[in-house]
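This is what each chain is made of:
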Amino acid sequence: MPGKIYGYIRVSSTDQNEDRQLIALQDKNIPKRHLFIDKQSGKDFQRPNYQKLVQRLKPGDLLYVLSIDRLGRNYEEILHQWRILTKEIGADICVLDMPLLDTRNGKDLMGTFIADLVLQILSFVAQNERENIKKRQAQGIAAAKARGVRFGRPPRPLPLNFHEVHQAWRNKKMTLQQAASACEMPVGTFYSKAVKLEKIS
């Protein structure tokens, strides 16, 4: 008896459209109840519908996915999940936009080797790309800081009575606690703002 056919679709957020993936899978005779869709990041596999899919899959079943990045973004995790699906569960996977990643064609040793090799190469390329993105981000931040661009939230303006209260505190007419309270600030914030102001003036 042939196995069941399943499809998996993932978009990164709720406002992204899954139509492109649905169109690609629609001629594969996948029953609607066997189509699993997640709308969240692919950084890991803790996705509710993916987990449900894994629980449903049985040996001999076939899983269609449009592209490998719809399965996930973290290629170490993809390698791990690929082994769970194909080796531990015994299901087949067909990645539509990458014919080499169709385990039905690779039941012999060479086919398995090619699929594993493709996944390893994708993993290496993805890891390199992640590192390059981080490097470019760090370089961009450093260049922006060198130009005087400030990061983080802008500082809140000082209360209108700050200078007057600060003067009273410095003249020992108020305690630090009273001064901070008068400016509706935590004591530490009042003190650091006062020290900064004194350095400027």
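Residues numbered from 1 in each chain as written. Predicted model: local features only at pLDDT ≥ 70, side-chain atom pairs only at ≥ 80, totals over all residues. Heavy atoms only, no water.

### Some details on a nonpolar patch on the surface
(1) Moving on: A cluster of nonpolar side chains, contributed by Phe-113, Leu-117, Ile-121, Phe-124 and Val-125, occupies part of the molecular surface with about 510 Å² of accessible area.
(2) Moving on: If you trace the backbone, Val-125 turns up in helix α5 (residues 109-146). (Patch = residues over 30% accessible without salt bridge, like charges linked within 9 Å, V, L, I, M, F, W, Y side chains within 5 Å. Areas by Shrake-Rupley, 256 points an atom, 1.4 Å probe, with all protein chains shown as cover. Salt bridge = Lys/Arg side-chain N within 4 Å of Asp/Glu carboxyl O. Helix = DSSP H or I, 4+ residues; strand = E, 2+ residues; numbered from the N terminus.)

### Notes on the environment of Phe-45
(1) Moving on: The residue Phe-45 is located in the loop between β2 (35-39) and α2 (48-56) in this model.
(2) Moving on: Using a relative accessible area of 1% as the deciding quantity, one classes Phe-45 as buried.
(3) Moving on: In this structure the C-alpha to C-alpha distance between Phe-45 and Val-149, which are 104 residues apart in sequence, comes to 37 Å. (Buried < 20%, exposed > 50% of the residue type's maximum accessible area, 1.4 Å probe, protein only.)

### As for the packing of aromatic side chains
(1) Moving on: By the definition in use, this model includes 6 aromatic pairs.
(2) Moving on: On the basis of an interplanar angle of 80° and a centroid distance of 5.6 Å, the ring pair of Trp-169 and Phe-190 is categorised as edge-to-face. Of this pair, Trp-169 sits in helix α6 (residues 162-170) while Phe-190 sits in helix α8 (residues 187-200), and the two are 21 residues apart along the sequence. As far as burial versus exposure is concerned, Trp-169 and Phe-190 are alike and both buried. (Phe/Tyr/Trp six-rings, centres within 6.5 Å; stacked < 30°, edge-to-face > 60°.)

### What to know about the confidence of the model for the chain
(1) Moving on: When pLDDT is averaged along the chain, the result is 84; 93% of the residues meet or exceed 70.
(2) Moving on: Mean pLDDT in the chain bottoms out at α5, which sits at 75, and peaks at strand β3 (residues 62-65), which reaches 95. (pLDDT = per-residue confidence, 0-100.)

### What to know about the pairing of β2
The side chains of a regular strand alternate, residue by residue, between the two faces of the sheet.
(1) Moving on: Side chains Phe-36 and Asp-38 project from β2 onto a buried face, and the interleaved Leu-35, Ile-37 and Lys-39 project onto a face without burial.
(2) Moving on: Two strands pair when backbone bridges link them, and strand β1 (residues 5-11) and β2 are joined in this way by 5 bridges, in the parallel orientation. Counted as the bridge partner of Val-11 is Lys-39 from β2. (Pairing = 2+ DSSP bridges.)

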